[in-house]
Amino acid sequence: MNSTDTNNHAPTGTAETVPPDQTASVDGPGPVDLAFPPYLTVIEPGTLERLRGSLAAEASREGLVDVAYRIVDSPVGRLLVAATDRGIVRVAYEREGLDAVLQSLSDKLSPRILEAPARLGSAAREIEEYFSGKRMRFDLPLDLRLSAGFRRTVLAHLGDIPFGRTESYTEVARAVGNPKAVRAVGTACATNPLPVVVPCHRVLRSDGSLGGYIGGLEAKATLLALEAAAA
């Protein structure tokens, strides 16, 4: 951002200021320019991230955060991972619309939501280990309050499908004690709030075709291929 005011008299006692033509960075991320006409105040790279981290830590200490989240990069795109004090409550694909997911969490759980990566360090590490083929089962505490009734029963069974194996929707319906509820099993998988961690991608149609998936069929195929290679 450039200032067009050429006044060269800085107010006494203000933060360090520099002329606009000295704020550009040639190598890597440059400083952030904040305009306080007729001067520019420079915030060095990393300062905003440190301030955000300090804010998140302080808010957590004061009990002001009900839902913490972070963004995790993965081979199937960016994932939003959210947690409450009970455990991981949501994993969302970018294609779901991350702003919409956050708004839904605000509506259903609490508006006190904050991006707090440090609180989800264990989750991020286990997800990274899964995608690198080093982890076959997640050991994260889960908050399943976004699912209820039959859907929660289905989610509980999904965690029992072994890494690298699959079941059909019909087999899952039979396993949870309701053989006729094949369509309801499909709905439970399609609305799974914890994809990847709760492996609904391991459920296929009876003919072996992929069926649907909240992250898209390409993501489902990627997860199955990853598990087949690592199993």
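Up top you'll find the structure we're talking about.
A quick note: this is a predicted structure, and the numbers were derived from the prediction, not measured. (Residues numbered from 1 in each chain as written. Predicted model: local features only at pLDDT ≥ 70, side-chain atom pairs only at ≥ 80, totals over all residues. Heavy atoms only, no water.)

**Brief notes about helix α6 (residues 182-190)**
Of the residues making up α6, those classed as buried are Val185, Ala188 and Cys189. Each buried residue of α6 sits inside an arc of 100° when the element is viewed along its axis, so together they form one side. (Buried < 20%, exposed > 50% of the residue type's maximum accessible area, 1.4 Å probe, protein only. Helix = DSSP H or I, 4+ residues; strand = E, 2+ residues; numbered from the N terminus. Arc of directions from axis to C-beta.)

**Brief notes about the pattern of salt bridges**
Scanning all chains against the criterion turns up 8 salt bridges. One salt bridge in this structure joins arginine 112 and aspartate 66, with 3.0 Å as the shortest N-O distance. Of this pair, arginine 112 sits in the loop between α2 (98-108) and β7 (113-115) while aspartate 66 sits in the loop between α1 (47-61) and β4 (67-72), placing them 46 residues apart in sequence. Judged by relative accessible area, which is 29%, aspartate 66 ranks as partly exposed. The shortest N-O distance in the salt bridge between arginine 135 and glutamate 129 comes to 2.9 Å. Within this structure, Glu126, Glu129, Arg135 and Asp139 form a network of salt bridges that share partners. (Salt bridge = Lys/Arg side-chain N within 4 Å of Asp/Glu carboxyl O.)

**Considerations on the state of the cysteines**
Enumeration over the complete set of coordinates arrives at 0 disulfides. Free cysteine: cysteine 189, not disulfide-bonded; nearest cysteine sulfur from cysteine 200 at 5.6 Å. Look at cysteine 189 and you get buried, because its relative accessible area is 5%. You can call cysteine 200 buried: its relative accessible area is 2%. (Disulfide = S-S within 2.5 Å.)

**Describing the environment of valine 197**
Residue placement: valine 197 occurs in the loop between α6 and β9 (203-204). For the pair valine 197 and isoleucine 88, spaced 109 residues apart in sequence, the C-alpha to C-alpha distance is 9.1 Å. Beyond its immediate stretch of four places on either side in the chain, valine 197 contacts Val91, Phe138 and Leu142. (Contact = heavy atoms within 4.5 Å.)

**Digging into helix α7 (residues 217-230)**
For α7, with 14 residues, the first-to-last C-alpha span of 20 Å sits near the 20 Å given by 1.5 Å per residue. Within the sequence span of α7, burial applies to Ala219, Lys220, Leu223, Leu224, Leu226 and Glu227. Within α7, the buried residues cover an arc of 160° as seen down the axis, which keeps them to one side. Away from its buried face, by an angle of more than 90 degrees, α7 presents the exposed residues Glu218, Ala228 and Ala229. (Expected span 1.5 Å × (residues − 1).)

**Concerning the packing of aromatic side chains**
Throughout the structure, instances matching the rule amount to 4 aromatic pairs. On the numbers, 5.7 Å between centres and 80° between planes, the contact of tyrosine 93 with tyrosine 213 is edge-to-face. Residue tyrosine 93 is found in strand β6 (residues 88-93), and its partner tyrosine 213 is found in the loop between β9 and α7; the two are separated by 120 residues along the sequence. When the ring of tyrosine 130 is compared with that of phenylalanine 131, the centres are 5.1 Å apart and the planes differ by 75°; the resulting orientation is edge-to-face. Given the relative accessible area of 12%, phenylalanine 131 is considered buried. (Phe/Tyr/Trp six-rings, centres within 6.5 Å; stacked < 30°, edge-to-face > 60°.)

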